[in-house]
Structures are given as C-alpha cells and as structure tokens.
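Structural description and commentary
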Amino acid sequence: GNVGGLFNGKIVPLIPYAIRGALWYQGEANSTPAKAPFYEAQLRLLVTDWRARWGYEFPFGWAQLPNFGGPGRDWPAVREAMLKATALPQTGMGINIDIGDEKNIHPLNKQEVGRRLSLWALGTVYGRKVPATSGPLPAGHSVSGREIVLRFSHANGGLMAKGDALQGFVVAGADRQWKPAQARIEGDTVVVSSPDVPKPAAVRYAWENFPTCNLFNGAGLPATPFRTDDWK
C-alpha cells in the first residue's frame, strides 16, 4: 500500500484510546541489505512516535526475528537493531532464534512467540513472578590472553547449553578472519577461544540467518544473537 496507509488505516483510529502497552512483530521486509541498516532508527522512532501520540510512555515489546534460511537477507542486522532498541525505557524483546522455520518466513509456532513476550509483560509491566523476563543478553566482555570472557544478564537459573557443547560462537583477531570457537560456561559468563586466533579481538554468536546455536538460561529461554564488534 501507500506509505502511511497501514498507519492511517489501523493505528490512527485507536488514538487516543487507553492502552496498557504494545507488542510488535515485524521486520522481515526490512531485512534486505539496503534496508537493514536503518531498522534501529525506525523502530526507535515507531516507539517514541506512538508514545507521543498517545501522550504517555506505555510499555512496548517486540518479537526478535527468528531463524530463517532465505537468501538475499541480512537477518542478523535486524535482530541486532531490535536488541539495541531495547535501550529505550520500558521496552523488551522476545528472542525466537530457536523456533523459526528454515523454509517458511512465517513460522508456525506463534504460541511460543506469544508466551515469551507474555513473560516479559507479566514480569515487567504487571509485576508478576515469572521464571525470567528475557533470554540471556550480552552485558559486556573482556579479553584475557587467548580468551574472550562474555558476561550476560538474564542468566536466570544459570546459563546452560541445550545439548552437549555450546555452539554458534565464532572469534576473530584484528585481521577480521572469523574462526569457529570453542565456548564454555563459567557462572554467568561464557569463555570463548580458538586455537587459530591467538589474539582474539571480537566474538559473534548466532550471527547467521539460520544459525546453529544453543545457549539458554535456566528458564529455557534462548540467548539473543549478538556481536562484540561493529565491523562492516
């Protein structure tokens, strides 16, 4: 439709009816390499614009794009934009990197997408006791010799690997050559290294459209894909 058509048709008639909050599931069309770099600014603008029109800072959550195998897309960049936009106050994100469908851009398991967003809403908006309000989120990192130590928030019940060993981590030195990494859990941290990278500079996790990855918290929620670098 025309630009603004959906907004004028579906959102404007609701202003200024009182709402408790909003949940958003979108981003697939913005995952082309030409559009992905703008998504963080667009999502932030959406949240702040709706709040301004309603006149109060209502809670706003969104579903991070799941795993999907379609070509010609940059899903990691959109997922990162969604992660970064949670810096806005009263926002949250459901992580879905484990419940997508390689061949279907509209995966069928919407119940779990909704359940994960409900944990955030119940725990943060309504003050209810829930096992966790999010999967693990990156909370800083440090280089220690040949290893990089990654810290996480929302490690409720402890970090865990679903399966035997952690998968989905790659590491690179200053030459920006990514190598598969060995990763182990130590408390609320993950320690990453590779014999091929004696001086590690950066780590990425689940940084593919359809990654193999298995870091979860004790509440059974998956960690977000992320990277410690900002390389082009």
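Residues numbered from 1 in each chain as written. Predicted model: local features only at pLDDT ≥ 70, side-chain atom pairs only at ≥ 80, totals over all residues. Heavy atoms only, no water.

**Some thoughts on the pairing of strand S4 (residues 137-144)**
In terms of strand pairing, S4 meets strand S5 (residues 147-153) through six bridges, oriented antiparallel. When the sheet's bridge partners are listed, Pro 138 is paired in S5 with Phe 152. Between S4 and S5, which pair antiparallel in sequence order, lie two residues; one of them, Gly 145, sits at a positive phi of approximately 65°. (Pairing = 2+ DSSP bridges. Helix = DSSP H or I, 4+ residues; strand = E, 2+ residues; numbered from the N terminus.)

**Brief notes about the layout of surface pockets**
One number sums up the size of the largest pocket: a volume of about 770 Å³. Around the largest pocket, the lining is made up of 20 residues, and of these Gly 4, Leu 6, Phe 7, Trp 24 and Leu 46 lie nearest the centre. Counting only elements with at least two residues in the lining of the largest pocket, the list comes to helix H1 (5-11) and helix H2 (39-54). Considering only residue class, the lining of the largest pocket consists of 10 nonpolar, seven polar and three charged. Its volume calculated, the second largest pocket comes out at about 390 Å³. In terms of lining, the second largest pocket is formed by 17 residues, of which the most central are Pro 37, Asp 74, Ala 77, Glu 80 and Arg 227. Counting residues per element, the ones that place at least two in the lining of the second largest pocket are H2 and helix H3 (75-85). Looking at which element gives the most residues to the lining of the second largest pocket, the answer is H3, with four residues. By residue class, the composition of the lining of the second largest pocket is nine nonpolar, no polar and eight charged. (1 Å grid on protein atoms, 1.4 Å probe; cavity = no way out; pocket = protein on both sides within 12 Å on 5 of 7 lines; lining within 4 Å. Points joined across faces, edges and corners; volume = space filled by probe spheres on them. Nonpolar A, V, L, I, M, F, W, Y, C, P; charged D, E, K, R; others polar.)

**Details of empty space enclosed by the protein**
With the rule as written, the count across this model stands at one cavity of 30 Å³ or more. The computed volume of the largest cavity comes to approximately 50 Å³. Met 93, Gly 94, Ile 95, Arg 116, Thr 133, Ser 134, Gly 135, Leu 221 and Pro 222 are the residues that line the largest cavity. Looking at the lining of the largest cavity residue by residue, the class counts come to four nonpolar, four polar and one charged.

**What to know about the packing of H2 against H3**
One can describe the packing of H2 onto H3 by two numbers: an axis separation of 8 Å at closest approach and a directional angle of 40°. On the basis of their axis angle, the class for H2 and H3 is oblique. For the element pair H2 and H3, the recorded crossing hand is right-handed. Of the residues in H3, those touching H2 at Tyr 39, Glu 40, Leu 43 and Arg 44 are Val 78, Ala 81, Met 82, Lys 84 and Ala 85. By residue class, the composition of the contact of H2 with H3 is six nonpolar, no polar and three charged. (Axes fitted to C-alpha atoms, helices over the stretch in contact; angles between N-to-C directions. Parallel < 35°, antiparallel > 145°, perpendicular 65-115°, else oblique. Left-handed = near helix turned anticlockwise from the far one by under 90°. Contact = heavy atoms within 4.5 Å.)

**With respect to the sheet that holds S5**
The four strands are arranged S4-S5-S10-S9 in an open sheet whose pairing can be described as antiparallel. The open sheet has two edge strands with one neighbour each: S4 and strand S9 (182-186). If you compare each strand with its neighbour and ignore which way they point, the axes differ by 25° on average.

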